[in-house]
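Close look at the chain arrangement
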Amino acid sequence: MIGLSPAYFISRFTDEFTPSDVAVGLTQISEMGFNGFQLEVYHRRNLKLWMEGGSQEVRQRAEDLDLKPTQFVAHFMLAAFANPEDLMSDLSLVEMQSVIDIVGHFEACRIITVPLGGFETNGDADPRDYRAYFSRCVEKIGRLLEMVEAAGYRLALEIMPSALIGGIDGFMRLCDHLDTRSLGLNFDTGHAWAAKENLYLIPAKLGRQILGTHLCDNFGHENLSLPPGAGSIDWPRVMAGLNAAGYQGSYDIEIVCRPEAVRRQYSEGRSFIEKIITV
């Protein structure tokens, strides 16, 4: 399956996109030949739009077009891991039930993704501070994992550059602390490449823990979401690695671009990925 990330809706409608915008966008997504799309609430204040009829509107349109929602990205939860004050708060924990309720409207959607963005401190942090931050991060993600799995879904993290836990090795250390391998990763190639990860080893390191993808490109020094093939990533190596690791999820393309370039860049990105996976 080839789908697309919520960056499509952001590029076309801005990050204030509504459920009605998503429903409108699904028509073009289908016309471009995609099979799937990702749900997202970008701003916490927009949760209520999805809970007050928006989810039903999107579900009906997706069913009419035979499009599958491949995951739900709780982008607004990024704030819950952004600084010491919000990390120590109950942010994300109090909203997760609302997310689960929204996802419950979409039978095919089984993955909930929480992004971990850059972590900022006010002034210098000493080793005791870091240990406290990491411990709280483990605790909070553990509680989110329990909530999501109790509802019958899978939890994935999306790791951005400068996240508190570090990169992929930090994700693996987090799993060790939680004593679980059920926690998954939404593999964003652009984030990993910009963070100087060895992109081609990530599938071998994580195997079936990779639950979803954001396939985008850049030149390894700026966290951009360019079309696959427009940067310096070796895409045949990435896709071969995913295949060797037994990846069974959707290949979802992520491109951030101007509204007038959306159809062309996403159509070209889909064709680019399709050629590689059908070789």
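Residues numbered from 1 in each chain as written. Predicted model: local features only at pLDDT ≥ 70, side-chain atom pairs only at ≥ 80, totals over all residues. Heavy atoms only, no water.

Overview of the pattern of salt bridges
Going through the model one piece at a time under the given rule, you end up with 11 salt bridges. A salt bridge links Lys205 to Asp169; the nearest nitrogen and oxygen atoms lie 2.9 Å apart. On the criterion of sequence distance, the pair formed by Lys205 in helix α9 (residues 202–206) and Asp169 in helix α7 (residues 168–178) is long-range, its members being 36 residues apart. Taking the relative accessible area as the measure of exposure, Lys205 reaches 35% and is therefore partly exposed. Among the ionic pairs, Glu268 bridges to Arg264, the shortest N-O distance being 3.6 Å. One end of the pair is Glu268 and the other is Arg264, both in helix α11 (residues 262–277) and 4 residues apart, which spans about a single turn. When its relative accessible area of 46% is taken as the criterion, Arg264 is described as partly exposed. Shared partners join several salt bridges into a network, and the residues in it are Asp90, Arg136 and Glu139. (Salt bridge = Lys/Arg side-chain N within 4 Å of Asp/Glu carboxyl O. Helix = DSSP H or I, 4+ residues; strand = E, 2+ residues; numbered from the N terminus. Buried < 20%, exposed > 50% of the residue type's maximum accessible area, 1.4 Å probe, protein only.)

Brief notes about the packing of helix α6 (residues 127–150) against α7
Each pair of packed helices can be summarised by the angle the axes make with each other and by the distance between the axes. Put simply, α6 and α7 touch, their axes get as near as 10 Å, and they point 70 degrees apart. Relative to α7, the element α6 lies roughly perpendicular. α7 is crossed by α6, and the crossing has right-handed handedness. Of α7, the residues touching α6 (which contributes Tyr130, Phe134, Val138, Ile141 and Gly142) are Arg173, Leu174, His177 and Leu178. (Axes fitted to C-alpha atoms, helices over the stretch in contact; angles between N-to-C directions. Parallel < 35°, antiparallel > 145°, perpendicular 65-115°, else oblique. Left-handed = near helix turned anticlockwise from the far one by under 90°. Contact = heavy atoms within 4.5 Å.)

Considering the sheet that holds strand β6 (residues 184–188)
An order of β7-β6-β5-β4-β3-β2-β1-β8 is seen for the 8 strands of this open sheet, with the pairing classed as parallel. The outermost strands of the open sheet, each flanked by one partner alone, are β7 (210–214) and β8 (251–253). Along the sheet, successive strands turn relative to each other by an average axial angle of 30 degrees, direction set aside. Contacting β3 (68–73) and β4 (111–116), helix α5 (residues 96–103) crosses the sheet at an angle of about 140 degrees to β4. (Pairing = 2+ DSSP bridges.)

By themselves, these figures tell us nothing about what the structure is for.
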